[in-house]
There are 2 protein chains.
Amino acid sequence: MAAVKKLINDPQTVVAESLEGFGAAHPDVVAIHRDPWFVTRAAGTSAGKVGLVSGGGSGHEPLHGGFVGVGMLDAAVPGAMFTSPTPDQIAPALQAADAGAGVLAIVKNYTGDVLNFEMAAEVAEDTEVRTVVVNDDVAVEDSLYTAGRRGVAGTVAVEKIAGAAAERGDSLDAVVAVAEKVIANVRSMGVALTACTVPHAGKPSFDLPDDEIEIGIGIHGEPGRRRIPLAGADEITEMLLTPVADDLGLVGGEKVLLFVNGMGGTPASELYVVYRQARALLEGRGVEVARSLVGNYVTSLEMQGASVTVLRLDDELTALWDAPVHTTALRW
Amino acid sequence: MAAVKKLINDPQTVVAESLEGFGAAHPDVVAIHRDPWFVTRAAGTSAGKVGLVSGGGSGHEPLHGGFVGVGMLDAAVPGAMFTSPTPDQIAPALQAADAGAGVLAIVKNYTGDVLNFEMAAEVAEDTEVRTVVVNDDVAVEDSLYTAGRRGVAGTVAVEKIAGAAAERGDSLDAVVAVAEKVIANVRSMGVALTACTVPHAGKPSFDLPDDEIEIGIGIHGEPGRRRIPLAGADEITEMLLTPVADDLGLVGGEKVLLFVNGMGGTPASELYVVYRQARALLEGRGVEVARSLVGNYVTSLEMQGASVTVLRLDDELTALWDAPVHTTALRW
């Protein structure tokens, strides 16, 4: 125990105890299901509405449980820390979210998540399940846990906007189409200043010298593009924003959502320093930052670092982003 | 620079750059004033409403700027990191918040804050200013920076509830009375697992061995009650909750708000583990947890740790807590 300096009782029980606390704190928004563990809306999915389900390893809170609620997800499936949820867990969540109009599963592109959601959809054979895979991380093409690009903070935009489409009554086909449109127009890249420690691992997930940072880090501490000496925030922000904007092919006159996400251990003051420069760089390209989100939404436990996400907006996506949402982590 | 591993450009500019980012990200909620620096509501104080102003050293974000908006503060005055704002900064914020019904200054009990708000009220002589001092920390009676108890996370409850009273049209006397009622009924205590580093200091604010934690820590890393070996979360939570509940003199049948606050670097999953146990301990005393708040609201930069705050509720305080609020950090 002494090797892991955390507010936990036991690495084996931290996810369950955390979910129990989460459910007890927010009974008006979420309901916690045990054996197997998953989270649904307190009031369930409204009859006839497309159900939205996401999930993945724990340790990225508030993703995904914090996004369950009116206007966003219907259910979330938390695996063990940094470990995909099992098909046994996912299948009943898919069924619970099914209110007769089918279910959209929003899956981050990690091999285990993709495979286990696929198997779960087969198990939940009476539920019509469609799947979209989020792959917004421009840092690397393949990684330790992925074929193709990883799914990272852009997932929040997919869940919010597809959630709003489902809430207004879109069909399953239409919700899938909106989710795919977000995925096609969102890109992210992150940086780590420190590693994080998974409770049951008992030691940091990687070594990062005191004077170096990792550009292009994944949300599990997977290696990124390169390790460089610590630099100023403006310089680091440019290393994140430029590949994101280039990959999107942003041109002057376009409007975007700019989302600066904290990895968990970075003070809010620093996230706003990054936001300031990312915004200035976009404006320097003639791009209008029409919507903004700054905070810890897709974390890597206590990792210090941040990611920059840009979503190209049109009128439809803007209206769906602005639509009311009532979850524990996003509310307007 | 290499000694301080942060997403900043320069320790001397981090507060200003962060405020610029904050203002640019949330123009619908806040307006940033330069020379001197302070934050107001984007739309200003409504005519005839009592103005609410708070402030203090930076590094505790979202406190206080994140609580500016309808239903809560009218203005916030950020000092340098962990340093009181100057009277020159505070006076124009008091004047800006004055819409003809006077201004309540909500001050955390630190010698510099109390003194500088007092001097500012003298400078802003045309504005009627009343002051309440928040002193919710039961850990120590006097500290490095205080005579009497320190003001910590309970400040959020004072600002929210007094803000709701001002919004419903209460007179200055009545808003002062509500704020004093919250102060009389709120208590807090915190724990640190790690120290934090103030950018311009360039080294951690104190030394904490790898296998020890500090019980009763202040929000600037001031010494607490005692240093003990790392323990399990339930045991640590009991060390925080018990003095808080005892000091409040809680008895069975009472209702409370339970607020578990993260110090900045603690994952959300761990805060909910603490919440779960704090709630169980209150329920074990026959106390009903009627309202809850869990998250990073009064931070100490990237410090790992948490505090437990309990507010005794009655019908009036509950209704004011539930009243609509529209700030960047609290919104319902």
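Reference entry: report on the structure contained in this document. Quick caveat: nothing in here was measured; it's all calculated off a predicted structure.

**Some details on the overall build of chain A**
Then comes step 1: Across its full length, chain A carries eight helices and twelve strands.
Then comes step 2: Its C-alpha atoms give chain A a radius of gyration of 19 Å, near enough to 20 Å, the size a compact globule of 332 residues would have.
Then comes step 3: Viewed in the frame of its principal axes, chain A has a C-alpha envelope of about 55 × 50 × 35 Å.
Then comes step 4: Within the span of chain A, comprising 332 residues, buried residues form 64% of the whole.
Then comes step 5: In chain A, once contacts between residues fewer than 6 apart in sequence are set aside, the share between residues at least 24 apart is 73%.
Then comes step 6: Entry remark: accessible area of chain A is about 10900 Å², with carbon and sulfur atoms responsible for 50%.
Then comes step 7: Each charge class in chain A was averaged separately, 24 positive and 44 negative side chains, and the resulting centres sit 5 Å apart.

**A few points about the interface of chain A and chain B**
Then comes step 1: With 56 residues of chain A in contact, the opposing surface of chain B contributes 56 residues.
Then comes step 2: Of the roughly 4400 Å² buried at the junction of chain A and chain B (both faces included), carbon and sulfur atoms supply 61%.
Then comes step 3: Per-residue buried area on chain A facing chain B is highest for Lys5(A), Leu7(A) and Tyr272(A); these three make up 20% of the total on that side.
Then comes step 4: Between chain A and chain B we count four salt bridges in total.
Then comes step 5: With its nearest N and O atoms 3.7 Å apart, the salt bridge here joins Lys6(B) to Glu270(A).

**Notes on helix α4 (residues 154-167) of chain B**
Residues and elements named next belong to chain B.
Then comes step 1: Taking 1.5 Å per residue as the helical rise, α4 with its 14 residues ought to reach 20 Å, and the 20 Å between its terminal C-alpha atoms agrees with that figure.
Then comes step 2: Counting buried positions over the 14 residues of α4 gives 13, a clear majority of the element.
Then comes step 3: Count one or two residues on from α4 and you reach Gly-169, which has phi positive near 105 degrees.

**Some words on the environment of Val39(A)**
All names here are of chain A.
Then comes step 1: With respect to the helices and strands, Val-39 occurs in strand β2 (residues 38-41).
Then comes step 2: Between the C-alpha atom of Val-39 and that of Ile-161, which follows or precedes it by 122 residues, the distance is 20 Å.
Then comes step 3: Beyond its immediate chain neighbours, meaning those up to four positions away, Val-39 contacts Leu-19, Phe-22, Val-30, Ala-31, Ile-32, His-33, Val-68, Asp-74, Ala-75 and Ala-76.

**A short note on the relation of the copies chain A and chain B**
Then comes step 1: The operation relating chain A to chain B is a screw motion whose rotation component is 180 degrees, with 0.0 Å of axial translation and a residual RMSD of 0.0 Å. Both copies of the chain, as the preceding transformation shows, are related through a two-fold rotation axis. Residues of chain A ranked by C-alpha distance from the rotation axis are headed by Gly265(A), positioned 2.1 Å from it.

**Some words on the packing of aromatic side chains**
All names here are of chain A.
Then comes step 1: In total, this model carries eight aromatic pairs over all chains according to the counting rule given.
Then comes step 2: Both rings, one in Phe-259 and one in Tyr-297, keep their centres 5.8 Å apart while their planes meet at 65 degrees; by these two values the pair is edge-to-face. You can see Phe-259 sitting in strand β10 (residues 255-262) and its partner Tyr-297 sitting in the loop between β11 (288-295) and β12 (305-313), a full 38 residues away along the chain. In this structure, Phe-259 and Tyr-297 share a single accessibility class: buried.

**Let's talk about the packing of helix α2 (residues 87-96) of chain A against helix α3 (residues 111-123) of chain A**
Residue and element names in this part refer to chain A.
Then comes step 1: Two elements in contact, α2 and α3, have axes whose closest approach is 8 Å; the angle formed by their N-to-C orientations is 55 degrees. What the angle tells us is that α2 and α3 run oblique. In the crossing of α2 with α3, the sense of the turn from one axis to the other is right-handed. Contacts between α2 and α3 pair Pro-87, Ile-90, Ala-91 and Leu-94 from the former with Asn-116, Phe-117, Met-119, Ala-120, Ala-121 and Val-123 from the latter.
Then comes step 2: Class assignment of the residues belonging to the contact of α2 with α3 gives a composition of nine nonpolar, one polar and no charged.

**Concerning unusual backbone geometry**
All names here are of chain A.
Then comes step 1: Backbone torsion omega between Asp-35 and Pro-36 reads 0 degrees, so that peptide bond is classified as cis.
Then comes step 2: In this structure, Pro-36 sits in the loop between β1 (30-33) and β2.
Then comes step 3: Note the cis peptide between Leu-63 and His-64, where omega equals -10 degrees.
Then comes step 4: One non-glycine residue, Leu-301, lies in positive phi territory at about 50 degrees.
Then comes step 5: Following the sequence through the fold, Leu-301 ends up in the loop between β11 and β12.
Then comes step 6: Judged by relative accessible area, Leu-301 falls into the buried class, the value being 1%.

**Quick look at the environment of Val158(B)**
Residues and elements named next belong to chain B.
Then comes step 1: With respect to the helices, strands and loops of the structure, Val-158 is situated in helix α4.
Then comes step 2: For Val-158, a relative accessible area of 0% translates into the label buried.
Then comes step 3: Expressed as a C-alpha distance, the spacing of Val-158 and Val-178, which sit 20 residues apart in the sequence, is 8.5 Å.
Then comes step 4: Val-158 has contacts with Ile-106, Val-134, Gly-163, Ala-179, Val-182 and Ile-183, leaving out every residue within four places of it along the chain.

About the thresholds
Along each chain, residues carry numbers from 1 onward, in the same order as the chain's sequence is written. All chains are assigned letters beginning with A, and all ligands numbers beginning with 1, in the order in which they are written. Residues qualify for local features only when their pLDDT is at least 70, as the model is predicted, and side-chain atom pairs are given and counted only at 80 or more; totals for whole chains, interfaces and linings, by contrast, use all residues. Values reported for side chains reflect all heavy atoms of the structure, with hydrogen atoms and water molecules removed beforehand. The secondary structure listing takes helices from DSSP runs of H or I that are at least 4 residues long and strands from runs of E that are at least 2 residues long, numbered from the N terminus. Radius of gyration here uses only the C-alpha atoms, and the compact-globule reference equals 2.2 Å multiplied by the residue count raised to the power 0.38. Exposure categories follow from relative accessible area, calculated using a 1.4 Å probe and restricted to protein chains: below 20% of the type maximum is buried, above 50% is exposed, and the middle band is partly exposed. What makes two residues a contact is simply this: any of their non-hydrogen atoms within 4.5 Å. Each accessible area is a Shrake-Rupley result for a 1.4 Å probe, and residues are judged covered by the shown protein chains and nothing else. Charge assignment in this entry is limited to Lys and Arg as positive and Asp and Glu as negative, and neither His nor the chain termini are counted. Positions of charges follow a simple convention, taking NZ of Lys, CZ of Arg, CG of Asp or CD of Glu. By definition, the buried area sums, over both parts, the 1.4 Å-probe accessible area that each loses when the two are put together. Take a side-chain nitrogen of Lys or Arg and a carboxyl oxygen of Asp or Glu: if they are within 4 Å of each other, that pair is a salt bridge. Helix span, as expected, comes to 1.5 Å for every residue beyond the first. Residues reaching a pLDDT of at least 70 in both copies supply the C-alpha atoms on which the copies are superposed by least squares. By convention, a stacked pair of Phe, Tyr or Trp rings (six-membered ring in the case of Trp) has centres within 6.5 Å and planes under 30 degrees apart, an edge-to-face pair has planes over 60 apart, and any other such pair is tilted. The axes used here are C-alpha line fits, helices contributing only the stretch in contact, and every angle between their N-to-C directions lies in the interval 0 to 180 degrees. For classification purposes, angles smaller than 35 degrees are called roughly parallel, those larger than 145 roughly antiparallel, those between 65 and 115 roughly perpendicular, and all remaining angles oblique. Each crossing gets its hand from how the near helix is turned against the far one by less than a right angle, where anticlockwise is left-handed and clockwise is right-handed. Residues were grouped as follows: Ala, Val, Leu, Ile, Met, Phe, Trp, Tyr, Cys and Pro as nonpolar; Asp, Glu, Lys and Arg as charged; and all remaining residues, including Gly, as polar.

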